[in-house]
Each structure stands twice: as structure tokens, then as C-alpha cells.
Amino acid sequence: MTAEMRPAPADAPSKGRLRLWLRILKVSRLVEAELRERLRAEFGSTLPRFDVMAALHRSEKGMKMSELSGVLKVSNGNVTGIVDRLVDEGMVERVAVEGDRRATRVRLTAAGGTRFETLAAAHEAWVDRLLGGLDRGETAEMTALLARIAHPDGVAEEI
């Protein structure tokens, strides 16, 4: 067993970081579970549907399926079923890509945009209530600290 594989002493910084990771994971799962339940109960929707609509809402011209799955960091197969159902419901449309007969873009319809804005407003209010125990300063500080973890090189993307 190498030195890196041996258990660290109870007061080692690695133990505190491990506890932090477990707390982040627990909080993330709690918030995600609550959002999933509220989307289901109040809108008959799912978090993956919300995520697809959110990605399309940010892209006016729409996205190819490969772009959409890349943004969401899931396989094309995971997105295809969701997009198919959204198309059937009139929330999303497929549009041919000029110059490429095999490719299509998917984008929100006007009805899909309106529906997403309703979902997004509710989602924001739920997150606000779930994280409401933090004041503005604490929120900014936690955001900055988590950004340092996600981007140790100091280059962070906008959320």
C-alpha cells in the first residue's frame, strides 16, 4: 500500500475535505429531489425535460441533437426520447439544417418558450426558498468557493 492509499489521521485536511464533499453531495441530492418532486407534482414534468427546455431556451437558433446532448452531458439517446415527446406536445420543433440533408436542429416553439418561462419562474422560486437560509453575502461567498473547486485554473463559465 502506497502512502497515498493509507488512511489519513483524523485531523488531516483531507478528512475535512471529504466531509465537505459528502455535505455538498447530500445538499445537492436534497435540492434535486425536491425540484424533481415539485416539477412532477405541480407541472406533470421532469427535471430532464426542464433541462432540455432550458438548454433550448438559451439558444434562439436551436441546436443539433449532438450539441444538445453535449451541453447536457448525456448521450444522444437520452435526449432523443425527451425531444420526441416535446415535439409531440408542440413544445419543440425540428428544423432542417440548410446544406445538410441529414441534420436537423431542435428549438422551442412559441408555446414551448411560454411553457418554459412558467417552469423557470417556479424553479427559481423553489430554489430561492430552498436556499433562503443564506444571505446575499453568504450566497456570493459559497458561489465563489465552489467556482474555485470547479475551475482551479481561475477560468469559470457563466451560469
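Before reading further, recall that the structure is shown in the block above.
Model, not experiment: these values are computed from the prediction. Note on numbering: residues in each chain are counted from 1, in written sequence order. Where local features are concerned, this predicted model is filtered to residues with pLDDT of at least 70; where side-chain atom pairs are given and counted, the filter is 80 or more; whole-chain, interface and lining totals use all residues. Excluding hydrogens and water, the side-chain values take into account all heavy atoms of the structure.

Engineer: So what exactly am I meant to see when it comes to the overall build of the protein chain here?
Structural biologist: Helical segments are the DSSP runs of H or I of at least four residues, strand segments are the runs of E of at least two, and each set is numbered from the N terminus. Across its full length, the protein chain holds six helices and three strands. Put simply, the radius of gyration uses C-alpha atoms, and a globule should come to 2.2 Å times the residue count raised to 0.38. In terms of C-alpha radius of gyration, the protein chain reaches 20 Å, well past the compact-globule figure of 15 Å for 159 residues. If you line up the protein chain on its principal axes, its C-alpha atoms span 60 × 40 × 25 Å. Note on exposure labels: buried denotes an accessible area under 20% of the residue type's maximum, exposed denotes more than 50%, and partly exposed covers the range between, all computed with a 1.4 Å probe on protein chains only. By the burial criterion, 25% of the 159 residues in the protein chain qualify as buried.

Engineer: Looking at this structure, I do not really get the environment of Ala110. What am I missing?
Structural biologist: Mapped onto the elements, Ala110 comes out in helix α5 (residues 110-130). In this structure the C-alpha to C-alpha distance between Ala110 and Glu32, which are 78 residues apart in sequence, comes to 28 Å.

Engineer: How should I be thinking about the packing of helix α1 (residues 13-43) against α5 in this particular structure?
Structural biologist: The angle between the axes and the distance between the axes are what describe a pair of packed helices. In the contact formed by α1 and α5, the axes pass within 11 Å of each other and the chain directions differ by 140 degrees. Of the possible angle classes, the one that applies to α1 and α5 is oblique. Note on packing geometry: the crossing formed by α1 with α5 is right-handed. Every residue of α5 that contacts α1 at Val31, Glu34, Leu35, Arg38, Leu39, Glu42 and Phe43 is listed here: Arg115, Thr118, Leu119, Ala122, His123, Trp126, Val127, Arg129 and Leu130. Under the convention adopted here, Pro, Cys and the residues Ala, Val, Leu, Ile, Met, Phe, Trp and Tyr are nonpolar, Asp, Glu, Lys and Arg are charged, and Gly plus all remaining residues are polar. Across the contact of α1 with α5, the residue classes tally to nine nonpolar, two polar and five charged. Here, axes are lines fitted to C-alpha atoms. For helices the fit covers the stretch in contact, and angles between N-to-C directions go from 0 to 180 degrees. Our angle categories are set so that under 35 degrees counts as roughly parallel, over 145 as roughly antiparallel, 65 to 115 as roughly perpendicular, and the remainder as oblique. Handedness of each helix crossing follows the sense of rotation of the near helix against the far helix: counterclockwise by less than a right angle gives left-handed, clockwise gives right-handed. Contact between two residues is taken to exist if any of their heavy atoms lie within 4.5 Å; hydrogens are not considered.

Engineer: Is there a simple way to explain the pattern of salt bridges in this structure?
Structural biologist: Between Lys or Arg on one side and Asp or Glu on the other, a salt bridge is scored when a side-chain nitrogen of the former is within 4 Å of a carboxyl oxygen of the latter. Per the stated rule, a full pass over the model turns up seven salt bridges. A salt bridge links Arg94 to Asp84; the shortest N-O distance between them is 2.4 Å. Here Arg94 is found in strand β2 (residues 92-97), whereas its partner Asp84 is found in helix α4 (residues 76-88), with ten residues between them in sequence. Taking relative accessible area as the criterion, Arg94 reaches 40% and is therefore assigned partly exposed.

Keep in mind that these numbers describe shape and distance, not what the molecule does.
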